[in-house]
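# Understanding the architecture of this molecule
Take a look at the letters that make up each chain.
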Amino acid sequence: MVARITLYSRPGCHLCDDARAVIERVCADLGESFAEVSIDDDPALRERYGEEIPVTLVDGRQHDFWRVDEARLRAALS
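Throughout what follows, the structure given in this document is the object of discussion. (Residues numbered from 1 in each chain as written. Predicted model: local features only at pLDDT ≥ 70, side-chain atom pairs only at ≥ 80, totals over all residues. Heavy atoms only, no water.)

## What to know about unusual backbone geometry
A cis amide bond links Ile 53 to the next residue, Pro 54, at an omega of -5 degrees. Examined against the element boundaries, Pro 54 turns out to sit in the loop between α2 (43-49) and β3 (55-58). Backbone geometry at Asp 59 places phi at a positive 55 degrees, although glycine is not the residue there. Locating Asp 59 in the fold gives a position in the loop between β3 and β4 (61-65). Residue classification places Asp 59 among the partly exposed positions, given a relative accessible area of 48%. (Helix = DSSP H or I, 4+ residues; strand = E, 2+ residues; numbered from the N terminus. Buried < 20%, exposed > 50% of the residue type's maximum accessible area, 1.4 Å probe, protein only.)

Dropping the structure here:
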């Protein structure tokens, strides 16, 4: 199964922890999967997203940053 959701994050980010919890809940309910990528592992991602993390992509397009709205994420996946 290819992940439709990508979460760009970094270790120690409390907003990333909050976003991950929402994404995990939505994925569990809808049978979706997600991939998490640390921007600290890629200089280009760190340069691009810097302080906007967490960043959520759905189907390869930016969906949210800083916070994940659960209802909006569910709608994007339906």
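There is more to say, and it comes next.
## A few points about the nonpolar core
Of all hydrophobic cores here, the largest spans eleven residues; its members are Ile 5, Leu 7, Ala 19, Val 22, Ile 23, Val 26, Cys 27, Val 58, Val 68, Leu 73 and Leu 77. Among the secondary structure elements, those contributing two or more residues to this core are β1 (5-9), α1 (14-30) and α3 (70-77). The leading source of residues in this core is α1, at five residues. With residues near it in sequence (within four places) discarded, Ile 23 still touches Ile 5, Leu 7, Phe 34, Thr 56, Val 68 and Leu 73. Tyr 8, Leu 15, Ile 39 and Ile 53 belong to the second largest nonpolar core, which has ten residues in total. (Core = buried A, V, L, I, M, F, W, Y, C linked by side-chain atoms within 4.5 Å. Contact = heavy atoms within 4.5 Å.)

## Some words on α1
In this model α1 runs 25 Å from its N-terminal to its C-terminal C-alpha over 17 residues, within 8% of the 24 Å that 1.5 Å per residue would give. Inspection of α1 places Leu 15, Cys 16, Ala 19, Arg 20, Val 22, Ile 23, Val 26 and Cys 27 among the buried residues, and these make up the whole buried set. Packed against the buried residues of α1 are β1, β2 (34-38), β3 and α3. Note on α1: the residue one or two positions beyond its end, Gly 31, has a positive phi of about 70 degrees. (Expected span 1.5 Å × (residues − 1).)

## Quick look at the side chain of Asp 64
Inspection of the secondary structure puts Asp 64 in strand β4. A distance of 2.7 Å separates a polar atom in the side chain of Asp 64 from a polar atom in the side chain of Arg 72. (Polar contact = N/O pair within 3.5 Å; in protein donor to acceptor, adjacent residues only side chain to side chain.)

## A short note on the pattern of salt bridges
Taken as a whole and judged by the stated rule, the model has ten salt bridges. Residue Glu 36 pairs with Arg 20 through a salt bridge whose shortest N-O separation is 2.7 Å. In this pair, Glu 36 is assigned in strand β2 and Arg 20 in helix α1, connecting sequence segments 16 residues apart. Salt-bridge contacts for Arg 48 lead to Glu 52; the nearest nitrogen and oxygen are separated by 3.7 Å. For Arg 48, a relative accessible area of 47% translates into the label partly exposed. In this structure Glu 52 comes out as partly exposed when scored by relative accessible area, which is 26%. Connected through shared salt-bridge partners, Arg 25, Asp 29, Glu 70 and Arg 74 make up one network. (Salt bridge = Lys/Arg side-chain N within 4 Å of Asp/Glu carboxyl O.)

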